[in-house]
Amino acid sequence: MKKVKTDVVIVGAGPTGLMAANQLNRYQVDYVCLEKQKDRSSFSKAMGIHARSMEMFDLSGFVEKFVARGYPGEGAKMYIGSKKESILGLNQIESRFPFMLVIPQMETEEILERNLEMNGGNINRGEEITTLTVHDGGVNVMVNSHDETIEYEAEYVLACDGAHSKVRELMEVDFVGKGEGKTFFLGDITTSSLDPSMITGYVNVRGATVFFPYADGKFRVVGLDLSIQGMPYKDELTLHELQQRVNYVTSASIKIENANWLTYFGTAHKQVENYKKDRVFFVGDAAHIHNPLGGQGMNLGLQDATNICWKLMAVLEGCADQSLLQTYDQERRPIAKHIIQQTSRLLQFISLEGTKGKLRNNVSKWLLSNSHFQQNIAETLSHIKYDYHTTSSSQNLADDKLTKKCIQPGARTPDVKFLLGGSPDRRLYHLLRQYPFVCFVYMERQTEDIIDNVDLFIEELCTKYGDLITTFLVVKGGVPPIERDKFDIIHDVFREVENKLTMNHGHTMLIRPDAHVALHISEFDPLDTVKRINSFFHFS
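The structure contained in this document is the topic of the report that follows. Nothing here was measured: the structure is a model prediction, and the numbers come from that model. Sequence positions are assigned chain by chain, starting from 1 and proceeding in written order. Only residues with pLDDT of at least 70 are given local features in this predicted model, and only at 80 or more are side-chain atom pairs given and counted; all residues enter the totals for whole chains, interfaces and linings. Computation of side-chain values: all heavy atoms of the structure, hydrogens and water removed.

**A look at the pattern of salt bridges**
What makes a salt bridge here is a side-chain nitrogen of Lys or Arg within 4 Å of a carboxyl oxygen of Asp or Glu, nothing more. Enumeration over the complete set of coordinates arrives at 30 salt bridges. The closest approach of N and O atoms between E113 and R125, which form a salt bridge, is 2.8 Å. Taken together, the residues span a long stretch of sequence, with E113 in helix α4 (residues 105-118) and R125 in strand β9 (residues 124-125) at a distance of 12 residues. Salt-bridge contacts for K166 lead to E169; the nearest nitrogen and oxygen are separated by 3.6 Å. With K166 and E169 both in helix α5 (residues 166-170) and three residues apart, this pair spans about one turn of that helix. Classification of residues uses two cut-offs on accessible area relative to the type maximum, computed with a 1.4 Å probe and protein chains only: under 20% is buried, over 50% is exposed, and between them is partly exposed. For K166, a relative accessible area of 31% translates into the label partly exposed. Residue classification places E169 among the exposed residues on the basis of a relative accessible area of 52%. The structure contains a network of salt bridges with shared partners spanning D58, E64, R96, D415, R427 and R433. Each helix corresponds to a stretch of at least 4 residues labelled H or I by DSSP, and each strand to a stretch of at least 2 residues labelled E; elements are numbered beginning at the N terminus.

See the structure below:
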């Protein structure tokens, strides 16, 4: 029997597992990614990538590959109980990606796997997990591989193997929840009856149907026909049945000219009670599932993977205590729980019939005319609104001397631009591609104490953390040139560090690899700041 030692075993090479492999690979963490299927799936499956996931791709350095192949859905035309359209716009999202990128899952997987291979990584296909044993020193994973048995000895395991997770079964972890008793229809279609520039949706007393445009001119249709609910369930959907479903729900002249991957499917909402058990972490659909309303499931998994991987990197490098890994569950599970509740309520809402359904239509049209409500929908669907500032670990690191407008630990950090090294348009997310953690010290006016303290601060950081954290002195444009060998100078000429990151004179901000605030400190004392950073990494 062959034995292989590694730091992390990833089980599953769907979008979540591939994202995890890309993250660990760029952090130079030794990993093995196992996938029982010998080839990538040829089905389109999930097809919507929201703004926050696009930001994760940007941080990872491959967002351009997705933008080049997907279709940016900037908003939706919604026909709610009438032939008059209501517009739901996504362009007001505060992100470089104010849209939902429509791209088939098979292309998402292809981009992620090719990027991994270009950077020296790979997927072990045709390897199916059979047993998993956790002990004090790590995890042993046994797999069948082409009539050969392999034993992997790892520090940690990431279960990215989907809703029917084998790892979850082997670990005897309950998947708590239930089916929703609804049958949806789905297909990838060709039609000339729809506007290819926008997502188009219909909601009425007969059900709901949404058409998503692909970059190649085709559409994904997903719908709920209330007239067939309660009938015996079947998977097979014919083109004739799909046309019937679309005709009935939309009452519009939408001629489907061609179609593939037609199916009916049921939905459920389930979640594990803790995303961590011993040295095993549940990621993506292995941790949570819900109905497809809003197209959020794959996005949750991509962001789960980004969250846990930088924490594993920090622990494996000896730069964080193992207890930091507990924060993965604390940060990610509440968000999925909220989305499960949200999508379950939305399904009940669109399933209303008769008088209640007509009332729903009138209320929805009124709400969509409200700009504040539209903004809230856009920020929720895009996942821009979700952050970690309410977790106990973030609350413990909060600085009560900061004003209310200042962002605190756990908050999402928007991308900001500035001058650095002669480049007029460098961005924060560019820096996070290069350096795991970025630390900004802000100076509005030339202050020798701050400059000297940055030198001392960097010396202390390097002693403890090596090159994990890279520090920059951020100055307003009018500050004279400063010559220092130990750190680079950022010029905040656009005032985006000041206004969007809410930094003022003497502030220090440590920014996590996933573009969330680790620390925001109002007074820069180098030794005290290092102590607070130690607390962030769970060192006493």
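What follows continues from the structure just given.
**A few points about unusual backbone geometry**
Although it is not a glycine, W261 sits at a positive phi angle of roughly 45°. Structurally, the position occupied by W261 is in strand β18 (residues 258-271). Phi is positive for H383, close to 70°, though the residue is something other than glycine. Looking at the element boundaries, H383 is found in the loop between α10 (371-381) and α11 (392-397). Take H383: its relative accessible area is 1%, and that puts it in the buried class.

**Looking at the packing of helix α1 (residues 15-26) against helix α2 (residues 51-60)**
To obtain each axis, a line is fitted to C-alpha atoms, and for helices this fit is confined to the stretch in contact; angles are then taken between N-to-C directions over 0 to 180 degrees. Contact pair α1 / α2: the axes reach a minimum separation of 11 Å and the direction vectors enclose 30°. When the axis of α1 is compared with that of α2, the two are roughly parallel. By crossing handedness, the relation of α1 to α2 is classed as left-handed. Residues M19, Q23 and R26 of α1 touch α2, and the partners they reach there are M56, F57, L59 and S60. By residue class, the composition of the contact of α1 with α2 is four nonpolar, two polar and one charged. For classification purposes, an angle smaller than 35 degrees is called roughly parallel, one larger than 145 roughly antiparallel, one from 65 to 115 roughly perpendicular, and anything else oblique. Each helix crossing is assigned a hand: it is left-handed if the near helix lies turned anticlockwise from the far helix by less than a right angle, otherwise right-handed if that turn is clockwise. Here, two residues are considered to be in contact whenever any of their heavy atoms come within 4.5 Å of each other. Under the scheme applied, nonpolar residues are Ala, Val, Leu, Ile, Met, Phe, Trp, Tyr, Cys and Pro; charged residues are Asp, Glu, Lys and Arg; polar residues are all the others, including Gly.

**Brief notes about the sheet that holds strand β19 (residues 276-277)**
Any two strands with at least two DSSP bridges between them are considered paired. The strand order across the open sheet built from six strands is β9-β3-β2-β13-β20-β19, with neighbouring strands paired in mixed fashion. Strands with a single pairing partner mark the edges of an open sheet, and in this sheet they are β9 and β19.

**Notes on the pairing of strand β28 (residues 517-521)**
Most of β28 is tucked away, with five of its five residues classed as buried. With four bridges connecting them, strand β27 (residues 508-511) and β28 associate as antiparallel partners. Paired with M509 across the two strands is H520, which belongs to β28.

Any link to function would need more than the numbers given here.
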